Amino acid sequence: MNFRRALLFSFFLTLLPSSLFAQYEIGHTIRRIQIGGWFGPVTPVPGTELSQIINTNLGGGMFTRYGEGFWTAEIGGAYHYYPSDGPEALHLAPIYGMGLFELPFDLPIKMNAGFGGGSVYANNEPERTENWLPLFIAGYEFYFPAGPWVNIGLRLDYLLAWEQHLSPPDNAPANYKMVNGHFFQVGLTINVNLIRE
């Protein structure tokens with residue numbers, strides 16, 4: 001009896017996802033290559049140490065994507081500049097790769113969620129200290145196809161720049177503190193389907 005239940009349960013687990021995605025694949029693009037960009041506000045996460053020093057500003061980025069079915073691989077880069085009310089300023093240039101999963105809902109608006117990692121170049125002023133730091137990124141995107149070749153959307157990404165594992169630079173002042181950077185980048189996106197099959 002236990003064997004029969006286990007067999008039935010295994011069959012159900014195998015059948016359910018395949019049925020769901022088979023339904024989703026009907027009329028869905030199987031393979032696509034895209035290039036695109038985004039532009040919008042960038043900000044340190046409220047409540048973090050950097051949010052008390054630097055201010056929200058505008059940033060932007062570019063990306064390229066390769067997708068098959070409901071998953072997509074993205075490689076991209078961005079630029080953030082954070083001024084402050086004093087002499088402090090921060091330049092960030094993240095470079096990353098991430099995997100995106102398109103939620104399988106048959107709606108006019110499509111939704112992607114994903115995560116990945118990479119590296120971020122950070123330059124602090126007025127100390128003029130600079131480092132390449134490990135980067136973690138997680139994001140969510142809403143978009144709708146504006147015809148067969150163009151997609152317009154809105155993305156929200158969380159970025160963690162991991163700095164606390166490093167020692168302060170030699171030229172840093174005595175009170176210089178190494179802190180992890182927590183940031184949001186929010187942008188209007190436009191991407192173009194170079195290949196759509």
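1. Some thoughts on the overall build of the protein
Turning to step 1, where the next piece is worked out: Looking only at helices and strands, the protein features one helix and eight strands.
Turning to step 2, where the next piece is worked out: Listing the helices and strands of the protein from first to last along the sequence gives α-β-β-β-β-β-β-β-β.
Turning to step 3, where the next piece is worked out: Relative to its 197 residues, the protein shows a buried fraction of 38%.
Turning to step 4, where the next piece is worked out: If you take every contact in the protein between residues at least 6 apart in sequence, the share linking residues at least 24 apart comes to 61%.
Turning to step 5, where the next piece is worked out: For the protein, the accessible surface area stands at approximately 11,300 Å², while carbon and sulfur atoms represent 68% of it.

2. What about a nonpolar patch on the surface?
Turning to step 1, where the next piece is worked out: Together, I109, Y140, F142, F144, I152 and I190 make up an exposed nonpolar region whose accessible area comes to about 520 Å².
Turning to step 2, where the next piece is worked out: Looking at which element gives the most residues to the nonpolar patch, the answer is strand β6 (residues 129-145), with three residues.
Turning to step 3, where the next piece is worked out: Mapped onto the secondary structure, I190 falls in strand β8 (residues 181-196).
Turning to step 4, where the next piece is worked out: Judged by its relative accessible area of 47%, I190 falls in the partly exposed class.

3. Here's the deal with the sheet that holds β6
Turning to step 1, where the next piece is worked out: Taken together, eight strands build a closed barrel; the order of strands is β1-β2-β3-β4-β5-β6-β7-β8 and the barrel is antiparallel. Taking the axes of each pair of neighbouring strands and ignoring which way they run, one obtains an average angle of 25° across the sheet.
Turning to step 2, where the next piece is worked out: Pairing geometry for strand β7 (residues 150-161) and β8, over twelve bridges, is antiparallel. Each residue of the ladder has a partner; that of R155, found in β8, is G187.

4. Focus on the nonpolar core
Turning to step 1, where the next piece is worked out: If you look at the biggest cluster of nonpolar residues, it comprises 21 residues, and the most contacted ones within it are Y82, L90, L92 and F183.
Turning to step 2, where the next piece is worked out: Counting residues per element, the ones that place at least two in this core are β1 (31-44), β3 (71-82), β4 (89-102), β5 (110-125), β6 and β7.
Turning to step 3, where the next piece is worked out: For this core, the element with the highest residue contribution is β4, accounting for five residues.

5. A look at the pairing of β7
Turning to step 1, where the next piece is worked out: Burial along β7 is one-sided: the residues N151, G153, R155, D157, L159 and A161 are buried and none of V150, I152, L154, L156, Y158 and L160 is.
Turning to step 2, where the next piece is worked out: By the bridge criterion, eleven bridges tie β6 to β7 in an arrangement that is antiparallel. Within the sheet, the bridge partner assigned to E141 lies in β7 and is R155.
Turning to step 3, where the next piece is worked out: Connecting β6 to the antiparallel partner β7 that follows it, the hairpin turn spans four residues, and G147 within it adopts a positive phi of roughly 95°.

6. Some details on the side chain of T189
Turning to step 1, where the next piece is worked out: Inspection of the secondary structure assignment puts T189 in strand β8.
Turning to step 2, where the next piece is worked out: By relative accessible area, T189 is classed as buried at 1%.
Turning to step 3, where the next piece is worked out: Side chain to side chain, T189 and E141 meet in a polar contact 3.5 Å long.
Turning to step 4, where the next piece is worked out: Those residues in contact with T189, other than ones at most four positions away along the chain, are G37, W38, E141, N151, I152, G153, L154 and R155.

7. Structural notes on the pairing of β8
Turning to step 1, where the next piece is worked out: One ladder, built from eleven bridges, connects β1 with β8; its direction is antiparallel. Counterpart to G37 in the pairing with β8 is I190.

8. Brief notes about the side chain of E102
Turning to step 1, where the next piece is worked out: Structurally, E102 is set in strand β4.
Turning to step 2, where the next piece is worked out: Despite its burial, E102 pairs with no opposite charge; the closest candidate is R32, at 4.4 Å N-O.
Turning to step 3, where the next piece is worked out: A distance of 2.8 Å separates the side chain of E102 from the side chain of Y143, its partner in a polar contact.

9. Quick look at the environment of T56
Turning to step 1, where the next piece is worked out: On the secondary structure map, T56 appears in the loop between β1 and β2 (57-68).
Turning to step 2, where the next piece is worked out: C-alpha separation for the pair T56 and V42, spaced 14 residues apart in sequence, amounts to 5.8 Å.
Turning to step 3, where the next piece is worked out: Each residue touching T56, except ones within four places of it in the same chain, is listed here: P41, V42 and T43.
Turning to step 4, where the next piece is worked out: A polar side-chain atom of T56 sits 2.8 Å from a polar atom in the side chain of T43.

Cut-offs and rules
- Residues numbered from 1 in each chain as written.
- Predicted model: local features only at pLDDT ≥ 70, side-chain atom pairs only at ≥ 80, totals over all residues.
- Heavy atoms only, no water.
- Helix = DSSP H or I, 4+ residues; strand = E, 2+ residues; numbered from the N terminus.
- Buried < 20%, exposed > 50% of the residue type's maximum accessible area, 1.4 Å probe, protein only.
- Contact = heavy atoms within 4.5 Å.
- Areas by Shrake-Rupley, 256 points an atom, 1.4 Å probe, with all protein chains shown as cover.
- Patch = residues over 30% accessible without salt bridge, like charges linked within 9 Å, V, L, I, M, F, W, Y side chains within 5 Å.
- Salt bridge = Lys/Arg side-chain N within 4 Å of Asp/Glu carboxyl O.
- Pairing = 2+ DSSP bridges.
- Axes fitted to C-alpha atoms, helices over the stretch in contact; angles between N-to-C directions.
- Core = buried A, V, L, I, M, F, W, Y, C linked by side-chain atoms within 4.5 Å.
- Polar contact = N/O pair within 3.5 Å; in protein donor to acceptor, adjacent residues only side chain to side chain.
- Lys, Arg positive; Asp, Glu negative; His and termini not counted.

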